[in-house]
Amino acid sequence: MARGTLRIFLGAAPGVGMTFAMLQEAHQLLGGGRDVVVGIAVDHGRLETRELMTGLEVITARLAEPDSLGVQEMDVDSVLARHPEVAVVDEYAHANAPGSRNAQRWQDIEALLDAGIDVLSTVNVQNLASLGDVVSAITQVPQNESIPDEVVRRADQIELVDISPELLRQRLADGNIYPRDRVDAALANEFRLGNLFALREVALIWLADRVDEGLAKYRASQGITANWPARERVVVGLTGGPEGEVLVRRASRILSRVNGGDLLAVHVRHSDGQPAESPLALEAQRQLVTDLGGSYHTVSGDDIAETLLEFARSVNATQIVVGVSRGRLSSRLLGSGVGSKVVRGSGDIDVHMVSHPLGSRGLPKVSSGGLGRARTTVGFVLAVLVPVLATALMSLGPELNFATHVLVHLTGVMAVAFIGGLWPAVLAAILDSLLLNYFETDPVGSFSINDPQNLFALLVFVGAAIAVSLVVGLSAKRAQEAARARAEAATLADLARDALIEDDTIAAFLDKVRETFQVRSAGLFTRAADAGGWDLQAHSGEAPPPAPGSGESDADACEMADPETALVVSGRTLTAGERRMLTAHGAHLLLLRQRHALHLRLKKTTKLAEGNSIRTSILRAVSHDLRTPLAGIKLAVTALQRQKRRLPEEVQDEMLNTIESYSDRLDALIANLLDMSRISSGSTAPLTSPVTWRDAIEDALRGLPEGAIRIDLAPNMPAIDADIGMLERVIANIVENALKYAPGSDIVIIGPSSGSGAATIEGRPCGELRIVDHGQGVPAADVVAMFEPFQRLDDAPEGLGIGLGLAVAKGFTEAMGGLLTAEPTPGGGLTIVIRLPLSAGWNSHLNSRDGERDEP
C-alpha cells in the first residue's frame, strides 16, 4: 500500500488562519470528489471555524482517561477503520493526554500515513523545536509544545498561511481570536506590532531554508551541477591582502540591488602558504563580513581558482567577486592569474573582476618555495638551449680566451640551476663541458684534451655548477618547508581564534573541517576497548566516514599525536599539502578534547570549592544566628523556673510563646542548614513521582494564619514529576521569604492562567507555579545574587534568618530537574516562578484550550 501524503499549513502567530485554511482545503477536496473526514479540528469557540465544519464528516473524538478532566483526543482507531482518502487532523505538534495511543499527535498522523491516508494538518512556528527559544524571546511567552524540525521537514507540502500584522491585530481587536476580556492584554504583550513583524520574518526565513534544502537535495539526486539562480548568493574571494575590504564592500553593494540574498566571503588557503597573506587583514575582513550580515569561510586547496569555484558551486552561488590579479604582468597577459582562471571555469556563474590600487602595480609573484613540475621542465629545456646558445654567441669573438668561455658557460649553468634546480643544472654542466672541450680546447674538433690546465678548468667548472645546483635545491627545500610551516601556523591560529571566540564543541569543529576541505563527511574515532577496531565518537555530514584502515579510496586519516585517536575525512582524495593541513586540524582537535576534559575537571573542582565555602559560611552562621534563638529560649526557661509563681499568667504565656517562636525559628534554621549542606555536597537525591501542585501547597502552608496567603489555581492543572517533600520545602521557603520581606502585602499563589503558555525544559513541557507579592521588589542587578546562600535583602540582620531559604529552594528545584526564576510583579513587588517537568503522558494543552496556538 502506498504511503499517504502530508500537507502542513504553517503559521507565524495565533489567528493567522491555519485551521481556517485547512478546513477550506478540505471542502475543496470534498467538492472534487475526494473522501474527506475530520479526525479532529479545534474551533476554540470561533464561529467562523465552526461553520466551516458544517458539511464535513467528523469522527467523534475519544475521551481521555478520567483523571485528565474530560479532555478529548482524536480516535485514531476509528479513523483507521473508516479509512478515508483524506483526514483532517489539527495541531500537528499537540501532545496527547494519558491513555492515548501515542504520546504525540504527529505519531498518530504517522499511523494514518502508513495506512495510505492523506493528511492535512497545522503547525505554529513557535512549536518548532529549533525556534521555541527564539519565539519566547520575542513574545516573552514561554512555549509548552514542541515538535522536532526534522519531523515537520518530512511533510510532502508545507504551505505558509500569512496575513499582515496590522490585519492580525485588527482581527484580535474584533474578538475573532481571543475572548473580549483578553484582547487588551494580548495587544499590549505578545501581539505588539513589532512582535508580529519579527514572528513573520522568522516563519518566512525558516520556510525559505526548507526550500533551499529541497532544492539542494533535488540537484544532488539529479546530478545537476549547473548553477540555478533561485536565490542571489554572492561569493567573495579573499587572498588576505588589503584589497579584501574593497571586494567585500563591492559585493555588499551588489546584493543591495536585490531583495534578499546571501553574502559569503571565502579565503582559500594554499596548502603551501601564501606569503602575501596578512592575518590582521583577514581578521578585519572577517569582522566586516559579519557586520554586513554575511558569513566567513576558510577552505584549503592547492589550486586556488578551482577550490574557489568548487565552493561557489557547492553553495549554488550566482555571482563571484574577485580582485584583479596582483601577480606578474606576464601572468595577467597570458591569462594565468587566479582571476582569469576563475572567469574561464565559472560557467554560468557571473564573475566580477574588481580593480583596486594594488592591482596595477604588477608586483612579482613570490614563489612559495617549491620548484614544481613546470619549472623543472623549463629548466631541462634551458639546460639544452643555454649551452648551445652560449657556444654560438662566444664563437662570434674568436679572440676571447678559454677562461672567458668558461665563465660565460658557468653563468648559463647557474641560471639553469636557479630556474630548474639540481638535475637540469647537472645536464647543462655536462653539455657545457662537452661543448667547451670540443670547440675551445686543443685539439679543437675532438673530445680529447692535451693541456692538463684545461682539464682542471673543466673539472672545476663541473664541480662549481653542481655545487650551485645543490645550494639552489637546498634553499628551495627550506623555503618550501617554511611556507608549509607558515600555512599550518596560520591554520592553527584561525582554529585557536575560533575556539576562543565561539567555544567550539567537537561537533562544531568537525563541521568546520568538512567545510574547510570541501569533503562529504568528517569524523572522530577512538580505538575500541578490544583494540581490534575503532569507535566513532562524533561526525559531521549526512553519513559518518569509514573507520581508519578501511581501505576506501576517497577517505583520508591524519596522523595524530595520540595513536588512540583518528580524524578521518571522506568524499575526495586529499593532496599532500591538504593532508598536512588535516594533520594541523587533528592536533587542534586533540587540544580541544583536552580542553573539554579540563573544563569538566574545573567544574568538579569549583563545585568542591563552593561546598567548602558554604560549609565555612554555615559554621559562621552557627556562631551567631543560631545563638540568638538559643539564648532567648534559655532566658525564657530560666525565668520561668526561678520566678514562675511570682509571674502573672499573661507573662508566663508570653514567655511560652517566645520559647515556641524561637524553637520554630531554630528548627527552620537547622533544617535549611542541613538542606544546604546536602545540596552543596551533591547528595540530594529526589524521589520523583506524579504529584499535583495543590497537594504540595496544602502541606507547605500548614501552620500559617488563615487568609495570610491567597491561592488561585486553575482546576485542570496537570500533574508534575517532583519529590513531594522537596516541593513542599521549596514552596514553604518562598512563601516565608515573601512574608518576611513584603509584610502586609497581598501574597498570591497562582497557576498559569487559562490559555497562557507554559515553558519547556530541554524541550520537555513543564508545569508552572507563581508566588506573587507586592512588596518593595528586588533590583534586576540583585536577582542572581538573591538565590546565593547567606544573602539577605539590604543585608538586614534583624531576625530574618541567615539567608538560605531561596538558595535551598533553588537547589531543590534544580535537583528535581526544574527551574526557579524571579521576575518583577507588575505594579511593584516580586514574583517567584517554579517550573517542573510535567508527569509522563500529561501535556499542557489543557491550559490553552481557548486557542492561543490554534487559529481559524
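Keep in mind that this is a model prediction, so the values were computed, not measured. Along every chain, residues carry numbers that run from 1 in the direction the sequence is written. Totals for whole chains, interfaces and linings use every residue, but because this is a predicted model, local features are given only for residues with pLDDT of at least 70 and side-chain atom pairs only at 80 or more, for both listing and counting. Based on all heavy atoms of the structure, the side-chain values leave hydrogens and waters out of the count.

### Considering the nonpolar core
Soluble globular proteins tend to pack their nonpolar side chains together in the buried interior. Test applied: Residue types Ala, Val, Leu, Ile, Met, Phe, Trp, Tyr and Cys, when buried and joined through side-chain atoms within 4.5 Å, form a set referred to as a nonpolar core. Relative accessibility under 20% of the residue-type maximum defines a buried residue, over 50% an exposed one, and the middle range a partly exposed one, all with a 1.4 Å probe and only protein chains included. In this description a helix means any DSSP run of H or I spanning at least four residues, a strand means any run of E spanning at least two, and both kinds are numbered starting from the N terminus. Here, two residues are considered to be in contact whenever any of their heavy atoms come within 4.5 Å of each other.
One finds Tyr-92 and Leu-112 to be the most contacted residues of the largest nonpolar core, which totals 63 residues. Ranked by the residues each element gives to this core, the list is headed by helix α1 (residues 18–31), at six residues. With sequence-adjacent residues up to four places away left out, Leu-112 is seen in contact with Met-74, Val-76, Val-79, Leu-80, Ala-87, Val-89, Ile-117 and Val-119. Counting residues in hydrophobic clusters, the runner-up holds 38 residues, among them Ala-700, Ala-714, Leu-769 and Met-816.

### Let's talk about a positive patch on the surface
Test applied: Excluding any residue in a salt bridge, patches collect residues exceeding 30% relative accessible area, merging like charges within 9 Å and nonpolar Val, Leu, Ile, Met, Phe, Trp and Tyr side chains within 5 Å. For the area figures, the Shrake-Rupley method with a 1.4 Å probe applies, and any residue is considered shielded solely by the protein chains shown. One side-chain nitrogen of Lys or Arg within 4 Å of one carboxyl oxygen of Asp or Glu is enough to make a salt bridge. All tallies of charge rest on Lys and Arg as positive and Asp and Glu as negative; His and the ends of each chain are not included. Charge placement uses NZ in Lys and CZ in Arg. For Asp and Glu, CG and CD serve respectively.
Together, Arg-249, Arg-250, Arg-253 and Arg-257 give the surface a local cluster of positive charge. Summarising the element assignment, Arg-257 is placed in the loop between α10 (244–255) and β10 (262–269). The class of Arg-257 is exposed, set by a relative accessible area of 65%.

### Focus: the pairing of strand β2 (residues 36–40)
Basically, it comes down to this: Two strands qualify as a pair provided DSSP detects at least 2 bridges between them.
Among the five residues of β2, five are classified as buried, and the element is accordingly described as predominantly covered. Sheet topology note: the β2/strand β6 (residues 86–89) ladder contains four bridges and is parallel. Within β6, the position partnered with Ile-40 by the bridge is Val-89. Bridge analysis of β2 against strand β3 (residues 57–58) gives two bridges, and the strand direction is parallel. Paired with Val-38 across the two strands is Val-58, which belongs to β3.

### Remarks on the pairing of strand β9 (residues 233–238)
Within β9, six of the six residues are buried, leaving the element largely enclosed by the surrounding structure. Judged from the six bridges that link them, β9 and β10 form a sheet pairing that is parallel. Bridging across to β10, Gly-237 finds its partner in Val-266. Here three bridges tie β9 to strand β12 (residues 319–323), and the two strands are oriented parallel to one another. Bridging across to β12, Val-235 finds its partner in Ile-320.

### What to know about the sheet that holds strand β1 (residues 6–11)
Selection rule: Note on definitions: angles span 0 to 180 degrees between N-to-C directions of axes, and those axes are lines fitted to C-alpha atoms, for helices only across the stretch in contact.
Overall, parallel pairing links the six strands, which are arranged β3-β2-β6-β7-β1-β8 in an open sheet. The sheet is open, and its two borders are formed by β3 and β8 (157–161), each paired with just one other strand. Across the sheet, α1 touches β1, β2, β6, β7 (118–124) and β8, and the angle it forms with β7 is around 165°.

### Section: the sheet that holds strand β13 (residues 350–354)
Reading across the sheet, the five strands line up as β11-β10-β9-β12-β13 and stay open at both edges, with parallel pairing between neighbours. A single partner strand is all that each edge strand has here, and the edge strands are β11 (295–300) and β13. Looking at each pair of strands side by side, their axes are set apart by 25° on average, direction ignored. Sitting on the sheet, helix α11 (residues 279–291) is in contact with β9, β10 and β11, with an inclination near 140° to β11.

### Considering the packing of α10 against α11
Our working definition: Orientation categories follow fixed angle ranges, with anything under 35 degrees roughly parallel, anything over 145 roughly antiparallel, 65 to 115 roughly perpendicular, and all other angles oblique. In this scheme, a crossing is called left-handed if the near helix is turned counterclockwise away from the far one by less than a right angle; it is called right-handed if the turn is clockwise. Each residue gets one label: Ala, Val, Leu, Ile, Met, Phe, Trp, Tyr, Cys and Pro are nonpolar, Asp, Glu, Lys and Arg are charged, and the others, such as Gly, are polar.
Between α10 and α11, the least distance of the axes is 9 Å, while the angle of their chain directions is 15°. Accordingly, the angle class assigned to the pair α10 and α11 is roughly parallel. For the element pair α10 and α11, the recorded crossing hand is right-handed. Together, Gly-244, Glu-245, Val-248 and Arg-249 of α10 and Ala-284, Gln-285, Leu-288 and Val-289 of α11 make up the contact between the two elements. Per-class residue counts for the contact of α10 with α11 are four nonpolar, two polar and two charged.

### Focus on the environment of Ile-117
Tracing the backbone through its elements, the reader meets Ile-117 in the loop between α4 (105–114) and β7. Residue classification places Ile-117 among the buried residues on the basis of a relative accessible area of 0%. Taking the C-alpha atoms as reference points, Ile-117 and Pro-84, separated by 33 residues in sequence, lie 6.5 Å from one another. In contact with Ile-117, other than residues within four places in its own chain, are Gly-4, Thr-5, Val-79, Leu-80, His-83, Pro-84, Glu-85, Val-86, Ala-87 and Leu-112.

### A word on the pattern of salt bridges
Under the definition given, this model contains 21 salt bridges. The closest approach of N and O atoms between Arg-105 and Glu-91, which form a salt bridge, is 3.7 Å. Of this pair, Arg-105 sits in helix α4 while Glu-91 sits in the loop between β6 and α4; the two residues are 14 residues apart in sequence, bridging distant segments of the chain. In terms of burial, Arg-105 and Glu-91 fall into one category: buried. The residue Arg-313 makes a salt bridge to Glu-306 at a minimum N-O spacing of 3.8 Å. With a relative accessible area of 31%, Arg-313 lands in the partly exposed category. Bridged by salt links that share partners, the residues Glu-768, Arg-770, Glu-823 and Arg-835 form one connected network.

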